[in-house]
Structure formats: structure tokens, C-alpha cells
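Per-entry structural report
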Amino acid sequence: MMRALRIQIVIGVVLALLIGGCGGVSPEGGVQELALESTIVEPRTGAELMVMLDQDSIELTESLTIRAVLQWDDGVRVELIEPKWVELGWTLESEHKGAVTFDGEHFIREDVFVASPFLGGEYLVDGFGIRAGTAEIGKRIARLAPIEVRVDSVLSENDGSELEGEVLLAGMPEEEIAEDHAGVIVIAAGVCIVIGGLAVWYIRRTHDDETQGVDPASVLMIAAHAERLNDEDIGSLHRALIELKGQYGGLGVIAREVESARFCGEEIDTAAVRDAARRAIEICGVAG
């Protein structure tokens, strides 16, 4: 699969050089997303909680920064209620409890959390609240409404995209192609597409022949006992977990762990991947 992807990238670069050259125009600057903000006040005690997110849309490899600001009056006891990060699909990378300050009227504390998602999709930052009380009123609880965050995953539906030659050609301005070279460019582009298509077909046919007849449970067994795991092995394990997670509860979390390791952008911890495969075998009840 990785070889096919590299071939597709090379062909795409060749087409771009043939048709439009290496130059390109990129937008100068952009509009930065404003931080999302949500506030709640517990009416009996006057304690206030404000939660701010640095952005509402992130890439799977990025992290989200959440700031929770507490404000209360003298005589009020306040405790921050935090989300259940793992249940919401987040990995809490770090948290920093701020110091309590006094602005002349209120006590203030700011806590900072940095979280990263397991998979792409729609995520919630939910569960933030305050537990406040006084000797006269007792304890009271107020919770914020959930805030939605969009996570764009690098994983596509079929775990690999086909080379779309027609789309590339359709996006080229006609005025940039000289009439006297138009025929040569079209022929060269056609040859590249044919070669690329044949190469991708051959590699995928070879891979299909190798993996034909291997059921998802066997893939888990192979990954759990393999001495070495390459990118394609981990990809097969990931797809097997996704296929089986509808039948066995708990495999969804393990699938997220494997995807996180697979697309972490760093050297893959194969020992952790094998451990995930072993845990999946235990859940499925496969003899190993």
C-alpha cells in the first residue's frame, strides 16, 4: 500500500510539472479561528465558570487547548468538575492548575488542559462544571452545555485514494497551456495515467493475492505474534479491528489506540500495537 501511494505521488508531481510547472499561488495569510467560549453562573452562590477553546476544528495530529476560568466571592467554596476525557474520546496530554488570585472583588483561578483526539469525526468537550457552596446554602452544582469540535482524520474510507487523472486535468486553467504544446501534454499525461493505473493495479492485485482468505480474527492473531510489524501489517490490523468492533464491545477503543499509533507522525511503537492485538484477541475469545 505504501509503495502504491508513493507511485501515485510521483505521478501527480510529474503531471503537475508537465502541465502547469512548479509555481503556485497560495493565499496571503488567513483568518484565525476565534476561541470558543461558554460561561455558566451558579445563581445561589454567584460562582462562575468560563471555558474557552483555542479552536473548533483541528487535525487528528493536533491538540486542543482548553482553558477553564473559575471566579467566586469570598466565603464561597468552589471546585472544578472536569470531563471524563477517555469516555469522550480524548487523550489528556497535560493539565495545569493555576494559582488563585484576587482582583479586588473576586477570587479567580485558571486551569489549562491540552487534549488530543483518538480518531477523526465530531467530538464533544462535555462535563465541565462547578461544585460551589456556602455554610448557609450547602453544595450546589452547575454544568456547562457540551461544546462540539470537528476533528479531521488522515484516514479515508478506503484507507487509500485512487489517482484521479481527469480531476487533475480539469482543474488546470486552459490559458496556461500553449496551443503548440497541447497535444504533447495530453499524450504525456495519458501515458502517466495509464502507467500509474497499471502500477497501482499490479500492487493491489499482488496484495489481494497475499491476503485473500485471511479473516479479521486471523489478522489479530498474526499481529499479536509477529516479531516485526510494518506499515501494511498495522494497517491490516486497524481495518480488522474496525470490521470486528461492531460484534465485540471494547474493540472500538483498541482501534483508536492503533490508529493513534499508526498516524502519530513518529516512530510506531510496535510493542504497543502487538499488545493491543493481544487484548483484542482476549475480547474476541480467539484461541492464541
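Turning our eyes to something else, we now look at the overall build of the chain. Per the secondary structure count, the chain includes 8 helices and 12 strands. Going through the 288 residues of the chain one by one, you find that 34% of them count as buried. Contacts spanning at least 24 positions in sequence make up 67% of the contacts within the chain whose residues lie at least 6 apart. Of the accessible surface of the chain, which amounts to about 17400 Å², a share of 54% is contributed by carbon and sulfur atoms.

The periodicity of an α-helix, 3.6 residues per turn, causes residues three or four places apart in sequence to face the same way. Taking 1.5 Å as the rise per residue, helix α6 (residues 231–244) with 14 residues should run 20 Å; its terminal C-alpha atoms sit 20 Å apart, in good agreement. Where α6 is buried, its residues touch α5 (216–225), α7 (251–262) and α8 (270–284). Sitting at the head of α6, N230 places a side-chain oxygen 3.1 Å from the backbone nitrogen of E232.

Once that is clear, we can look at the sheet that holds strand β3 (residues 57–59). What holds strands together in a sheet is hydrogen bonding between their backbones, with the strands either parallel or antiparallel. Taken together, 3 strands build an open sheet; the order of strands is β3-β12-β9 and the sheet is mixed. Two strands bound the open sheet, and with one partner strand each, they are β3 and β9 (121–125). The sheet shows a mean angle of 35° between the axes of neighbouring strands, taken without regard to direction. Where β9 lies against strand β12 (residues 147–152), 5 bridges are found, and the strand directions are antiparallel. Looking at β12, one finds that V125 is bridged to I147.

All right, on to the sheet that holds strand β5 (residues 77–81) then. Across the sheet, which stays open at both edges, the 3 strands sit in the order β5-β10-β11 with antiparallel pairing between neighbours. The outermost strands of the open sheet, each flanked by one partner alone, are β5 and β11 (138–143). Neighbour-to-neighbour, the strand axes of the sheet open up by a mean angle of 20°, direction not taken into account.

Before going further, it helps to spend a moment on the nonpolar core. Counting residues in hydrophobic clusters, the biggest one holds 30 residues, and the most contacted among them are L49, V51, I66, W90 and F128. Among the elements that take part in this core, strand β4 (residues 64–72) stands out by supplying 5 residues, more than any other. Sequence-distant contacts of I66, that is, excluding residues within four places in its chain, are made with V51, M52, L53, W85, D111, V112, F113, A115 and F128. L220, L237, L244 and I254 belong to the second-largest nonpolar core, a separate cluster that totals 22 residues.

Among all positions in α5, only P216, V219, L220, A223 and A224 are buried. Considered in projection along α5, the buried side chains sweep an arc of 130° and stay on one side of the axis. The exposed set on the far side of α5, more than 90 degrees from its buried face, consists of I222 and H225. Its side-chain oxygen placed 3.2 Å from the backbone nitrogen of A217, D215 serves as the N-cap of α5.

Another point: the packing of α5 against α6. One way to put it is that α5 packs onto α6 with a least axis distance of 9 Å and a crossing angle of 135°. Considering the angle they form, α5 stands oblique to α6. Taken as a pair, α5 and α6 cross one another with a handedness that is left-handed. Here P216, A217, V219, L220 and A223 of α5 come into contact with α6, specifically with S236, L237, A240, L241, E243 and L244.

Here is what the cut-offs are and how they apply
- Residues numbered from 1 in each chain as written.
- Predicted model: local features only at pLDDT ≥ 70, side-chain atom pairs only at ≥ 80, totals over all residues.
- Heavy atoms only, no water.
- Helix = DSSP H or I, 4+ residues; strand = E, 2+ residues; numbered from the N terminus.
- Buried < 20%, exposed > 50% of the residue type's maximum accessible area, 1.4 Å probe, protein only.
- Contact = heavy atoms within 4.5 Å.
- Areas by Shrake-Rupley, 256 points an atom, 1.4 Å probe, with all protein chains shown as cover.
- Expected span 1.5 Å × (residues − 1).
- Polar contact = N/O pair within 3.5 Å; in protein donor to acceptor, adjacent residues only side chain to side chain.
- Pairing = 2+ DSSP bridges.
- Axes fitted to C-alpha atoms, helices over the stretch in contact; angles between N-to-C directions.
- Core = buried A, V, L, I, M, F, W, Y, C linked by side-chain atoms within 4.5 Å.
- Arc of directions from axis to C-beta.
- Parallel < 35°, antiparallel > 145°, perpendicular 65-115°, else oblique.
- Left-handed = near helix turned anticlockwise from the far one by under 90°.

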